[in-house]
Structure formats: C-alpha cells, structure tokens
Amino acid sequence: MCIMDDELLISRAREERKKIFERYDKGRSADNDIDPWEDAALEIYHKMDKYGFIHDERMQRKEVTENFYVQQEREKKWLHMLRRWNKKDTVEKLKKRVFKGIPNKLRSAAWLKILNVEKTMADNVGVYKRMLDLAREFSTESFSQVRQIDSDVNRQFREHVHYLERYSIKQQALFNVLTAYSMYNMELGYCQGMAGVAGILLMYMDDEQAFWALNTFMSDSKYAMHGLFIEGFPKLTRFLHHHDKIVTKFMPKLQKHFMKHNLDSILYSLKWFFVIFVERIPFSLCLRIWDIYMIEGERVVVAMAFTILRLHRTKLLKMKDMDLMTDFLQSQLHKDFGYDDDYVIRAVEQSMVDLKRHKMDLPPPPLPRELPKHPLGQFIEPNIESKIGRRKSLFTQNELKTTETVIMRQEAIAPDIVSNFSYDTDDNLVEDGSMKLYQSTNSLATSMAMSRSSSVASLGSSDEDDSSEKSTEVTRL
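Residues numbered from 1 in each chain as written. Predicted model: local features only at pLDDT ≥ 70, side-chain atom pairs only at ≥ 80, totals over all residues. Heavy atoms only, no water.

K.L.:
Would you mind going over the environment of Phe 258 with me for this structure?
P.N.:
Mapping Phe 258 onto the fold places it in helix 13 (residues 252–260). Sequence separation between Phe 258 and Met 319 is 61 residues; the distance between their C-alpha atoms is 9.9 Å. Sequence-distant contacts of Phe 258, that is, excluding residues within four places in its chain, are made with Leu 263, Tyr 268, Leu 309, Leu 316 and Met 325. (Helix = DSSP H or I, 4+ residues; strand = E, 2+ residues; numbered from the N terminus. Contact = heavy atoms within 4.5 Å.)

Dropping the structure here:
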C-alpha cells in the first residue's frame, strides 16, 4: 500500500512539475495561462534607466551624471584592450582600468573575457544542453527544487525591463540556467540567492554564457561561492565572523553601538556576502564592485563591507534604534549611497590597502567542504523523498552541528572591546597596541531552518525545505 501511495505521489508531482516547464516553454505566447497578479504593469509615469531598471518618476531619486567625454575616452581604451586581450600591455593596465570602471556598453564583452567564458564553453561543447535535457527529464523528479526556482524567478528583478513580464525571455533563461546548474552541481543543487547572481549575469550574457559564468563563481577557488550556498553556509559564517573582527578592531565605538542596540551583522549584511551587494547599494555602484570582484575576488567584498560602515559610521552612531540602522543599511543606501561612485571606489581601494597592511584583507582559509567535493556534471538519480518533494523528518549531522553552534554563540557574552586601532576618531590606521577580539554571534547565519535544497541525498546534502521554512534572514534575500 505504501509503495502504491509513493507511486501515486510521484505521478502527481511529475505532472505538476511538467506543467511548470511547459509554462516556461510557452513564454509570452497567447496560449500560456498567466495569472494577472504575476504580471507587472508598466505605467506612463515609469522611466527606464540605462541599466534597464524601471523607476517611478513620482518618487525622487538621485541621478548619476557622467562626463560624456570621459566616458567616450574610456570606451575607446576598453575597445583597444578587448582587441588585444592577451597582450602584455593589456594585462598590465587591466586592473587599473577595472577600478576606474568598465563602460556599461562593453561590460558584457569584458566580463566574458575576465571570466574566460568563451574558452570554458569551447572546452565543454554540448554540456549545457545536456544539463538542460537532464533538468527537463530528471529535475522534475525533485519537486521542491523546481518549485523554489520557479518561485524565485518570478520574484527576481521585477523592476527590470528584462524580468518585468512573467515568462519573458530572460525569465525563461533564468529558469533554464538555474535548473540546468542544479543538475551540473548536484552536491549544491539550488539555494535561494543563486537566482540573484544568475540574474545579474543574464543582464549581460545569454543563458549558456551565464551558466558557465555562474559555475566559475561557484567552483573556482578565486570566488568559491559554493561555500556560501552549500548546507551549513560555512563560508558565510566565516566571512561574517571576519567582518565582526574588522569592525571591532578598527571601529570599536560603532561595534559597541551595534551591540547596545542588538544589531547583529547578520541583520544587515547577508546580501553583501551572498550576492555581492545586489539591492543593497545603487546598481551603478554595485556593478563597479562586481567588476572589481571578477579581478580581485573576495578581497573587495571584505573591503566594501568595511567601507560602507566606515563612510557612514557618524550617521549610524546617531541612530538609537536597531530598526532604523537596519533600514538605513538595507534600504536607504540602495536608493542613495550619499557619495558618488568614483569616491566610493577610491575609498574601497584604500580600505583594501589598509586591511592588507594589517593582514585582515581576507578571512582565515576556507574549510575543505567550501569547494565542490564531487565531480561536476555527474548525474545521480534522486531518491523517493526528492521525487515526491516530501519534507525530510530528520536533520543531517551538519544541520545539527550548526544548530548547536548557533545556540552556543547566542548565549555567549561578548568580551569587552579593547583596541587602539580605530576609525571612529581617526581616518588613518595607526598600529599601537593590542586588542581583545570580540567573539561574533553571527553564526545565526547558519540556522538549520536555512538549510538549502539538494536533490541528492546520497551526496550528503539535504532535500530542500519549502520556502515557508526558510529563516527570516534568508527571506530578506
């Protein structure tokens, strides 16, 4: 009887998942049944910026003005570099020009070159299509995962012209990239937040290019995003802890202020680390950080997180409420950062120098499990629970260990902050004395309720929990 019940559930789940794929296949065609509430409306008072984001003209917003001549000269230099990409003079000038900004018209070509996407595609001809075929045939056997991807695609960048309409070409591409990658990297599967990364890449690439760029971000040790999204979120915990150490060492007054008002860094910094500041700073500035991230890797993420607090510490110290500070860091800075992009990038560059001088430009080395352990592109058929989309009844050892760590850290009392390294009163780092390190409570980031999806139990990963079981912190993504 139980076997028959399982077979019936599998059949029903397969049929429902098949319908999800069919809706993306149909796209915007007239015979696709699109609920009106899923479709965003474009009204006459809306205006599109040069990046494709749509704004309400009734709302005041700060415009980023650019010197036309400077931009034109920069484009000429980048066109020359792109034609001579592997030449010695290009290699020597690349980093400096990336910090000055990649022209948006040429960002697509530049990103493809920096991430070496064209060579990766040439070395893996037909792999993306094969993953798409596997996704269509077998990803439907992992219902929770497909359902979560479908839900996240419909939420991603809905104010952008390419994602505005339900089942638009870019929504189709985003769905394809995420489902295909869940087959390619079955150890990871899919986790909320990956849609944001893939969504940005698709603004400048086609779906196959974005697929391989996403894989570079996840599996290349320079970026190693795999550790951000894998069960337990080990890299996120490591970076949050390092961020706390930096704030405690160089801005102890601000850290005391945060502690006094119960503002844990997990409440404001998740998107800083998960999706490299997407929707936390103005998009033009976010793209500049992404440009540098592709060249420098993780160092710019650490430095930018530090720079945000460094630039705005005076304003934050005047706020006497956790909600006010959280709203400022999560929402207000996205609308108006308060400084122009060039100024911020110079500040970030200086922060990178300062932190490196004190050997704090990077957190401690990653744990072994932060990088993929299993061969990429190797398919393993999911188990019965994944096929049905049944919620698991037991937690994995990683989840149990994570929960125990959360409880211990939450109960821990942070030691007094003692430091002679401070940005609270001085803009320069002056080394004089020692300090007692503050033990962060940021392992809240690894709440077992945040356990991400995976379609392969045999790889040691958990099945995906329903989106309603995600923690409040992850929902902020």
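Moving on from the coordinates now.
K.L.:
What am I meant to see in the nonpolar core here?
P.N.:
Generally speaking, nonpolar side chains in soluble globular proteins are found buried as a group. One finds Trp 111, Leu 201, Phe 217, Phe 277, Trp 290, Met 304 and Leu 309 to be the most contacted residues of the largest nonpolar core, which totals 127 residues. It is helix 16 (residues 299–318) that contributes the most residues to this core, 12 residues altogether. (Core = buried A, V, L, I, M, F, W, Y, C linked by side-chain atoms within 4.5 Å. Buried < 20%, exposed > 50% of the residue type's maximum accessible area, 1.4 Å probe, protein only.)

K.L.:
Just checking my understanding: could you explain the environment of Glu 298 for this structure?
P.N.:
Tracing the sequence through the fold places Glu 298 in the loop between helix 15 (283–296) and helix 16. Measuring from C-alpha to C-alpha, the distance between Glu 298 and Pro 363 comes to 9.3 Å, with 65 residues separating the pair along the chain. When sequence neighbours within four positions are dropped, the list of residues in contact with Glu 298 reads Lys 222, Tyr 223, Ala 224, Lys 235, Phe 239, Tyr 293 and Leu 362.

K.L.:
Sorry, what's going on with the pattern of salt bridges here?
P.N.:
Should their charged atoms come close, side chains of opposite charge can pair. By the definition in use, this model includes 19 salt bridges. When the shortest N-O distance is used, the salt bridge between Lys 95 and Glu 296 registers 2.9 Å. Here Lys 95, found in helix 3 (residues 88–100), pairs with Glu 296, found in helix 15; they are 201 residues apart in sequence, far enough to count as distant. When its relative accessible area of 43% is taken as the criterion, Lys 95 is described as partly exposed. The class for Glu 296 is buried, based on a relative accessible area of 16%. As a salt-bridge pair, Arg 357 and Asp 354 come within 3.3 Å of each other at their nearest N and O atoms. (Salt bridge = Lys/Arg side-chain N within 4 Å of Asp/Glu carboxyl O.)

K.L.:
Sorry, what's going on with the confidence of the model for the protein chain here?
P.N.:
Reading fine detail from the predicted coordinates is not recommended where pLDDT is low. When the pLDDT values of the protein chain are averaged, the result is 80; 72% of them are 70 or greater. Considering each helix and strand of the protein chain separately, the mean pLDDT is smallest for helix 21 (residues 472–475), with a value of 36, and largest for helix 16, with 98. Scored below 50 in pLDDT, residues 409–421 makes 39 contacts in the model with residues more than four places away or belonging to other chains. In this model residues 426–477 is a low-confidence stretch, pLDDT under 50, and it forms 176 contacts with partners more than four residues away in sequence or in other chains. (pLDDT = per-residue confidence, 0-100.)

K.L.:
What exactly am I supposed to notice about the environment of Leu 376 here?
P.N.:
With respect to the helices and strands, Leu 376 occurs in the loop between helix 18 (341–357) and helix 19 (384–388). Here the alpha-carbon distance between Leu 376 and Met 183, two residues 193 residues apart in the chain, equals 8.8 Å. Non-local contacts of Leu 376, meaning those with residues more than four positions away in its chain, are made with Tyr 184, Asn 185, Asn 215 and Ser 219.

K.L.:
Sorry if this is basic, but what is going on with unusual backbone geometry here?
P.N.:
Peptide bonds are, in most cases, trans, and in most cases residues other than glycine have a negative phi. Located in the positive-phi region is Ile 276, a residue other than glycine, with phi close to 55°. For Ile 276, a relative accessible area of 2% puts it in the buried group. Positive phi outside glycine occurs at Glu 279, with the angle close to 65°. Here Glu 279 is to be found in the loop between helix 14 (266–274) and helix 15.

K.L.:
Sorry if this is basic, but what is going on with a positive patch on the surface here?
P.N.:
A surface patch of positive charge is lined by Lys 77, Lys 93, Lys 96 and Lys 100. Note on placement: Lys 77 falls in helix 2 (residues 68–83). (Patch = residues over 30% accessible without salt bridge, like charges linked within 9 Å, V, L, I, M, F, W, Y side chains within 5 Å. Areas by Shrake-Rupley, 256 points an atom, 1.4 Å probe, with all protein chains shown as cover. Lys, Arg positive; Asp, Glu negative; His and termini not counted. Charge placed at Lys NZ, Arg CZ, Asp CG, Glu CD.)

K.L.:
I would appreciate a short explanation of the packing of helix 8 (residues 169–184) against helix 9 (residues 194–202) in the present structure.
P.N.:
A pair of packed helices is characterised by two quantities: the angle between their axes and the separation of those axes. Running from N to C, helix 8 and helix 9 cross one another at 125°; their axes reach a closest spacing of 10 Å. On the basis of the axis angle, helix 8 is oblique to helix 9. Remark: the crossing between helix 8 and helix 9 carries right-handed chirality. Contact residues: helix 8 offers Lys 170, Ala 173, Leu 174, Val 177, Leu 178 and Tyr 181, while helix 9 offers Met 194, Ala 195, Ala 198, Gly 199 and Leu 202. Here the contact of helix 8 with helix 9 is composed, by residue class, of 9 nonpolar, 1 polar and 1 charged. (Axes fitted to C-alpha atoms, helices over the stretch in contact; angles between N-to-C directions. Parallel < 35°, antiparallel > 145°, perpendicular 65-115°, else oblique. Left-handed = near helix turned anticlockwise from the far one by under 90°. Nonpolar A, V, L, I, M, F, W, Y, C, P; charged D, E, K, R; others polar.)

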